[in-house]
Amino acid sequence: MDLHVRLDGAGDLTAQLYRELRAAVRDGRLRAGDRLPASRELATRLEVSRGTVAQAYERLVAEGYLTARVGAGTYVAELAPEGATRGRRRPGAVRPRSTWTFGPSPVGTDGEVTYDFRVGVPDPELFPFDVWRRLVAAELRLGANTPGRYADPAGHAGLRAAVARHVGVSRSVRCDPEDVLVTNGTQHALDLVTRVFLEPGDTVAVEEPGYPPAATLLEASGMRVVPVPVDAEGLVVDRLPPRTRLVYTTPSHQFPLGVAMSLGRRMALSQWADHHDALVIEDDYDSEFRFTSRPLEPLVNLDPSGRVCYIGSFSKTMLPSVRLGFVVAPASLRSALRAARQLTDGHSPPATQAALARFIDEGLLARHVRKAAGAYATRHGAVLGALGEVPGVRLVPSTAGLHVCAHLPGAPAGAGRRVVAAARRADVAVEALADYYRDPSAQVSAIEGLVVGYGAVGSGRVDEGLRRLVAVLRREANAS
C-alpha cells in the first residue's frame with residue numbers, strides 16, 4: 001500500500017504517526033481489512049527508526065484499530081472503534097452561480113420498486129451483451145497494438161460513416177459522414193450547439209410540456225427559456241416569440257405527450273426559422289421504435305437553408321451507459337462544433353466508438369432494434385389495453401417510443417401526483433404529466449395525467465404492474 005503519512009519532524013514522532021494512522025482509519029481512508037506496510041518498510045519511507053513505527057502500530061493494535069497477524073502482517077481491524085466513517089471536507093466559502101443551485105435528477109433507481117413504469121429507460125434484458133462485449137474487447141485488443149494518442153474530436157471516422165448510413169436508411173436523413181459529429185448523448189449535443197451558436201440572454205423556445213433536462217441545460221447556460229404549447233399537431237409555431245434564436249423540439253415522438261408533429265406544422269416551423277434567422281434542434285426522440293405508421297419526414301429534410309441540427313442518441317436503442325450520440329449539423333457550424341468538442345472534453349472513447357461502428361455496419365443494431373421493437377410493441381399494447389378500460393382515462397394517440405401519456409380529464413388539480421404517490425405505495429413507479437410543465441400557471445390549467453413507460457419494467461412484470469396501477473386509478477377516481 002502506498003500510504004501517505006505527514007510528519008513534521010518535531011516533537012514525539014511516535015505520537016504523530018499514531019494520530020495520523022488513527023485518523024486515516026476513523027475517517028475511512030484506511031478500510032477494514034487493508035494491509036499496512038511492514039514496519040521496516042514504512043520506517044524507511046518516513047526516514048524514522050523502525051521502533052517509532054513499531055510502537056505506533058502496537059498502540060493502535062491495543063486500542064482495536066489494527067490487528068497483527070503472525071507471519072502475515074498488520075491489518076486494519078474489522079471492527080475499528082467509532083465506526084470509521086469518512087471525514088468531511090470544509091464546506092467552502094465559494095458558491096456556484098444561482099443557475100446551478102438545483103440538484104441533479106435521481107439516477108440509479110434499480111431496486112426501488114418492483115413495477116417500474118418510469119420513462120426513458122430501455123430494457124437491458126433485451127440487449128445482446130455477449131455480442132457487445134466481443135466487439136469492445138476486439139477493439140481494445142487492436143488499440144493495445146497502436147501508440148496512445150488523442151482521437152478526432154468529431155468522432156471515429158468509421159462511426160461517423162456508420163451513423164450517416166444508419167440515419168439515411170432508418171430515417172431518410174440525407175447527410176454525409178462529414179456532417180456527423182459524435183457526442184456523449186443528446187444532452188452533450190445540445191450543450192455543444194448552445195456553446196457555438198447562442199449568446200447569454202438569447203431567447204430559446206422549448207415545448208410545453210417538454211423534456212426537462214434540455215430546458216434546464218439551456219437555462220443554466222444563461223439563456224432565456226420560453227415554454228411554447230404543444231397540441232395534437234405538435235409545437236404551436238404561431239406561439240413562438242419573434243426574437244427566438246433557437247427552437248428545441250421532438251417532432252417525431254413529442255416528449256412526453258407522444259404526438260407526432262404534422263407535416264404542415266413541420267413546414268411552418270422550417271419557414272419560421274428561415275424568416276426569423278433562428279436555429280432548430282430536432283431531437284428525433286424514440287423514433288426507432290415504431291409500431292404501426294411510418295414516421296413523417298424529418299425536419300432536417302425540409303430545411304432549405306441549413307437551419308436544423310438533427311440530434312440522436314443510442315441510449316434508448318442500446319443502453320444509457322453506452323454514452324454515445326450524434327449531431328448532424330449544417331456545414332456552417334461544423335468547424336465550431338468540432339472546436340468546442342475538442343476544447344471541452346476532447347473526444348469519446350475510441351474503442352467504444354469503433355465497436356459501435358461495427359455493431360451498426362454488421363447489421364447488429366438493426367437486428368436488436370427489430371427484436372426490441374417487437375417486445376415493446378407487446379408492452380405498448382398491454383398498457384393501452386389496461387388503461388383504456390379505466391373510466392376517466394383518455395389515452396393520447398401514440399404509435400412509437402417507450403411510453404404512453406394518459407390524460408385524466410375532469411380530475412381535480414393534483415390528481416396525477418396523488419396517483420403517483422398511491423401507486424408508489426403499491427410498489428409501482430409512474431410519473432405525473434404535470435412534472436413536465438415549466439410554467440406553474442400551465443400546470444394548473446393543464447389536464448391532469450400520467451406518463452407511463454414500459455421499457456424498464458420487464459415483460460414478466462408488465463401485467464401485474466398494470467393490474468396494480470389500474471386498481472390505484474379506480475380507487476382515486478372513486479375517492480374524488
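What counts and how
- Residues numbered from 1 in each chain as written.
- Predicted model: local features only at pLDDT ≥ 70, side-chain atom pairs only at ≥ 80, totals over all residues.
- Heavy atoms only, no water.
- Helix = DSSP H or I, 4+ residues; strand = E, 2+ residues; numbered from the N terminus.
- Buried < 20%, exposed > 50% of the residue type's maximum accessible area, 1.4 Å probe, protein only.
- Contact = heavy atoms within 4.5 Å.
- Pairing = 2+ DSSP bridges.
- Polar contact = N/O pair within 3.5 Å; in protein donor to acceptor, adjacent residues only side chain to side chain.
- pLDDT = per-residue confidence, 0-100.
- Arc of directions from axis to C-beta.
- Axes fitted to C-alpha atoms, helices over the stretch in contact; angles between N-to-C directions.
- Parallel < 35°, antiparallel > 145°, perpendicular 65-115°, else oblique.
- Left-handed = near helix turned anticlockwise from the far one by under 90°.
- Nonpolar A, V, L, I, M, F, W, Y, C, P; charged D, E, K, R; others polar.
- Lys, Arg positive; Asp, Glu negative; His and termini not counted.
- Salt bridge = Lys/Arg side-chain N within 4 Å of Asp/Glu carboxyl O.

The subject of this paragraph is the overall build of the protein chain. When helices and strands are counted, the protein chain shows 14 helices and 16 strands. Seen through its principal axes, the protein chain has C-alpha atoms that stretch 85 × 60 × 45 Å. Taking all 480 residues of the protein chain together, the buried fraction comes to 50%. Look at the contacts in the protein chain between residues 6 or more apart in sequence, and 73% of them connect residues 24 or more apart.

By the criterion of burial, strand 13 (residues 403-407) is predominantly enclosed, with 5 of the 5 residues buried. Residues H403, C405 and H407 line one face of strand 13 and the alternating positions V404 and A406 line the opposite face, and both faces are buried. Note: strand 12 (residues 394-395) against strand 13, 2 bridges, orientation antiparallel. Looking across to strand 13, one finds that L395 is bridged to A406. One ladder, built from 5 bridges, connects strand 13 with strand 16 (residues 449-453); its direction is antiparallel. When the sheet's bridge partners are listed, V404 is paired in strand 16 with V452.

Turning our eyes to something else, we now look at the side chain of Q254. Turning to its location among the elements, Q254 is positioned in the loop between strand 8 (244-249) and helix 8 (263-275). At 3.2 Å, the side chain of Q254 and the side chain of E207 are in polar contact. Among residues more than four places away in sequence, those in contact with Q254 are E207, P209, G210, V230, V259 and H403.

Attention now goes to the confidence of the model for the protein chain. On average, residues of the protein chain score 89 in pLDDT, and 92% of them reach the 70 mark or higher. Here helix 13 (residues 440-445) stands out as the least confident element of the protein chain, with mean pLDDT 69; strand 8 is the most confident, with 98.

Next up on the list: the sheet that holds strand 5 (residues 203-208). Spatial ordering of the open sheet is given by 4-11-10-9-8-5-6-7, a layout of 8 strands whose pairing is mixed. Since the sheet does not close on itself, it has two edges, and those belong to strand 4 (180-183) and strand 7 (234-235), each with one partner. Bridge count between strand 5 and strand 8: 4 bridges; the pairing is parallel. Bridge pairing links A205 to V247 in strand 8.

Taken together, the buried positions of helix 12 (residues 415-425) are occupied by A415, G416, V419, A422 and A423. Seen end-on, helix 12 carries its buried residues on one side only, within an arc spanning 125 degrees. If you follow the buried residues of helix 12, they end up packed against strand 14 (428-429), strand 15 (431-432), strand 16 and helix 14 (462-479). Looking one or two residues past helix 12, D427 carries a phi angle of roughly 70 degrees, positive in sign.

Right, let's talk about the packing of helix 12 against helix 14 for a bit. In contact at an axis separation of 9 Å, helix 12 and helix 14 are set at 130 degrees when each is read in the N-to-C sense. Between helix 12 and helix 14, the angle is such that the two are oblique. Note on packing geometry: the crossing formed by helix 12 with helix 14 is right-handed. Across the interface between the two elements, R418, V419, A422 and A423 from helix 12 touch L469, V472, L473 and E476 from helix 14. For the contact of helix 12 with helix 14, the residue count by class is 6 nonpolar, no polar and 2 charged.

Quick look at the side chain of D303 now. Among the secondary structure elements, D303 is positioned in the loop between strand 9 (279-283) and strand 10 (308-313). Notably, D303 is buried but unbridged: the nearest opposite-charge side chain belongs to R307, and the N-O separation is 6.1 Å.

What follows is about the packing of helix 1 (residues 13-26) against helix 3 (residues 50-62). Axis separation between helix 1 and helix 3 bottoms out at 9 Å; the angle between their running directions is 45 degrees. Here helix 1 lies oblique to helix 3, going by the angle between them. Along this stretch, helix 1 crosses helix 3, giving a crossing that reads as right-handed. Counting all contacts with helix 1, which are made through L13, T14, L17, Y18, L21 and R22, the residues of helix 3 involved are T52, V53, Q55, A56, Y57, R59 and L60. Split by residue class, the contact of helix 1 with helix 3 holds 8 nonpolar, 3 polar and 2 charged.

On to unusual backbone geometry. The residue after E208, namely P209, is reached through a cis peptide bond having omega 0 degrees. Summarising the element assignment, P209 is placed in the loop between strand 5 and helix 7 (212-220). The omega angle of the peptide bond from F255 to P256 is 10 degrees, so this bond is cis rather than trans. Backbone geometry places D277, a non-glycine residue, at a positive phi of 55 degrees. Structurally, D277 is set in the loop between helix 8 and strand 9.

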